[in-house]
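Coordinate analysis (summary)
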Amino acid sequence: MDLRYTPAQQAFRSEARAWLAEHVPATALPSFDTAEGFEAHRAWERVLYDGRWSAVSWPEEFGGRGAGYIEWLIFEEEYWRSGAPGRVNQNGVFLLGPTIMEVGTPEQQARFLPTMASSEIVWAQAWSEPDAGSDMAAIRATATLDGDHWILNGSKIWASRAAYADWCFGMFRSDPAAERHRGLTFVLCPLDSPGVTVRPIAQLDGEPGFAEIFFDDVRVPVDCTLGDVGGGWKVAMATAGFERGVSLRSPARFTTAANRLVALWRLHADPTDTALSDAVTDLWIRAQGYQLHTYRTVTDITDGKPIGAEASLNKVFWSELDLEVHELAMRILGPAAELTSGDGAAAWIKGFLFSLSGPIYAGTNEIQRNIVADRVLNLPRGS
Ligand SMILES: Cc1cc2nc3c(=O)[nH]c(=O)nc-3n(C[C@H](O)[C@H](O)[C@H](O)COP(=O)(O)OP(=O)(O)OC[C@H]3O[C@@H](n4cnc5c(N)ncnc54)[C@H](O)[C@@H]3O)c2cc1C
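Let us look at the structure shown here. Because the structure is a prediction, the values reported are computed rather than measured.

What follows concerns the packing of helix α9 (residues 310-333) against helix α11 (residues 365-376). Interaxial distance between α9 and α11 falls to 8 Å at its minimum, and their mutual angle equals 145 degrees. Considering how the two elements wind past one another, α9 and α11 form a crossing that is left-handed. Residue-level contacts link Glu310, Ser312, Leu313, Lys315, Val316, Ser319 and Glu320 of α9 to Asn365, Gln368, Arg369, Ile371, Val372 and Val376 of α11. When grouped by side-chain class, the residues that make up the contact of α9 with α11 number five nonpolar, four polar and four charged.

Before going further, it helps to spend a moment on the packing of aromatic side chains. Scanning the entire structure with this criterion turns up 22 aromatic pairs. Considering the side-chain rings of Tyr5 and Tyr295, the 6.2 Å spacing of their centres and the 70 degrees angle between planes classify their relative orientation as edge-to-face. Taken together, the residues span a long stretch of sequence, with Tyr5 in the segment before α1 (7-23) and Tyr295 in helix α8 (residues 274-302) at a distance of 290 residues. Its relative accessible area of 29% is what places Tyr5 among the partly exposed residues. Using a relative accessible area of 9% as the deciding quantity, one classes Tyr295 as buried. Following the ring pairs from residue to residue traces out a cluster consisting of Phe12, Trp19, Trp44, Trp53, Phe75 and Tyr79. In this structure, Arg65 is placed above the aromatic ring of Trp53, and the distance from its NZ or CZ to the ring centre is 3.5 Å. Positioned above the aromatic ring of Phe172, the side-chain terminus of Lys156 is 5.2 Å from the ring centre.

Okay, the site of the ligand next. Lining the immediate environment of the ligand, one finds 17 residues, of which Gln125, Ser134, Trp158, Thr364 and Glu366 sit closest. Contact distances for the ligand include 2.6 Å between an oxygen atom and a side-chain N or O atom of Ser134. Here an oxygen atom of the ligand and a side-chain polar atom of Glu366 are 2.7 Å apart. Elements with a minimum of two residues in the shell around the ligand: β3 (149-160) and α11. The residue makeup of the shell around the ligand, split by class, is seven nonpolar, nine polar and one charged. Three or more residues apiece are contributed to the shell around the ligand by two domains, here domain 2 (123-231) and domain 3 (245-376).

About the thresholds
Residues numbered from 1 in each chain as written. Predicted model: local features only at pLDDT ≥ 70, side-chain atom pairs only at ≥ 80, totals over all residues. Heavy atoms only, no water. Axes fitted to C-alpha atoms, helices over the stretch in contact; angles between N-to-C directions. Helix = DSSP H or I, 4+ residues; strand = E, 2+ residues; numbered from the N terminus. Left-handed = near helix turned anticlockwise from the far one by under 90°. Contact = heavy atoms within 4.5 Å. Nonpolar A, V, L, I, M, F, W, Y, C, P; charged D, E, K, R; others polar. Phe/Tyr/Trp six-rings, centres within 6.5 Å; stacked < 30°, edge-to-face > 60°. Buried < 20%, exposed > 50% of the residue type's maximum accessible area, 1.4 Å probe, protein only. Lys NZ or Arg CZ within 6 Å of the ring centre and 35° of its normal. Near = heavy atom within 4 Å. Polar contact = N/O pair within 3.5 Å; in protein donor to acceptor, adjacent residues only side chain to side chain. Domains from an automatic or database assignment.

Below, the structure written as structure tokens:
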């Protein structure tokens, strides 16, 4: 691993920085968990797409830029640095897209990837069920074959962005007689299909950040099956690797937050409080450490090594780091931390509320620790 950027990578950074300086909206868009904000973010995705920045590491034929993973990390650094809007189609572009490239047929790649890159179609992830969260193999929603269609029944919960999204990717039990992990199939489904009901759920901040999805005899053509029938678990594990590994949460998000924390400390904190300055420094160093670790991971990926169970280590690290950065910001802000309007504190409280969910989504941290104990450390299982 060479920690120096090549001249081409430096030129790529300059190009991204200049483009973002010219195009990032001057005022923040409304939250993408509102109807108005969702469409404003979709329009922003279109601007990104037209500039060929919406999916930088995807092949050009699918609407990407054909750039390498290192360039993608550079773009993310510039993106977060510029204060650009959150990515409303992140479940599509960063999770489902790479999965379709890995296991989809050429027809599925041509059909789904370009409209994903442009966010003409925004995707929601429909995996969790009321009794199948950590234990995802307990999924009960069913897919039953009827000629060349699946008939979907059952319900999903906590599907982010589903209140306004266009399609979902879900896991359904297609063979009730098979062993739990083997009878699942990965199906793509339009959310405006007859028989689909979407019921929004408010998050801590009151906005409908996720939704329940009910399927009542929903007919979906079999060409919307991703991977093999009964092979949904394997496909989902590829998606989960992208979610926990490097795709969903690039380090730039955390180095940017850590830099903001340092700025907040300079502005508000007592410089003689060395315990506080030590805590700020520690978090800043950890964010830098995560960034360097990710550069090593993408070097491994570029060398052809798959992301394995180590992705679970990443997930625990970034979610706890994010929470601690926001908790410390709350401490520095003191009573002002509770302000929910205005520029300064309001952004921190919103980020803090969301950071509380980091140890839960993308698989809880308890489950990730189990995976690390079992598959990375090879520790013996408890009785
Ligand atoms: C902000 C947010 C966004 C989300 N977005 C989506 C989405 O887009 N799509 C989607 O499908 N889901 C989504 N989820 C759901 C998320 O994946 C689940 O909440 C998560 O997998 C946990 O499942 P659960 O809520 O059913 O909790 P449970 O599985 O019931 O777990 C409850 C508690 O028990 C612990 N626990 C359970 N089993 C074990 C074990 N074997 N060992 C140790 N501890 C254990 C868990 O860690 C947790 O603390 C989202 C969640 C949040 C908070």
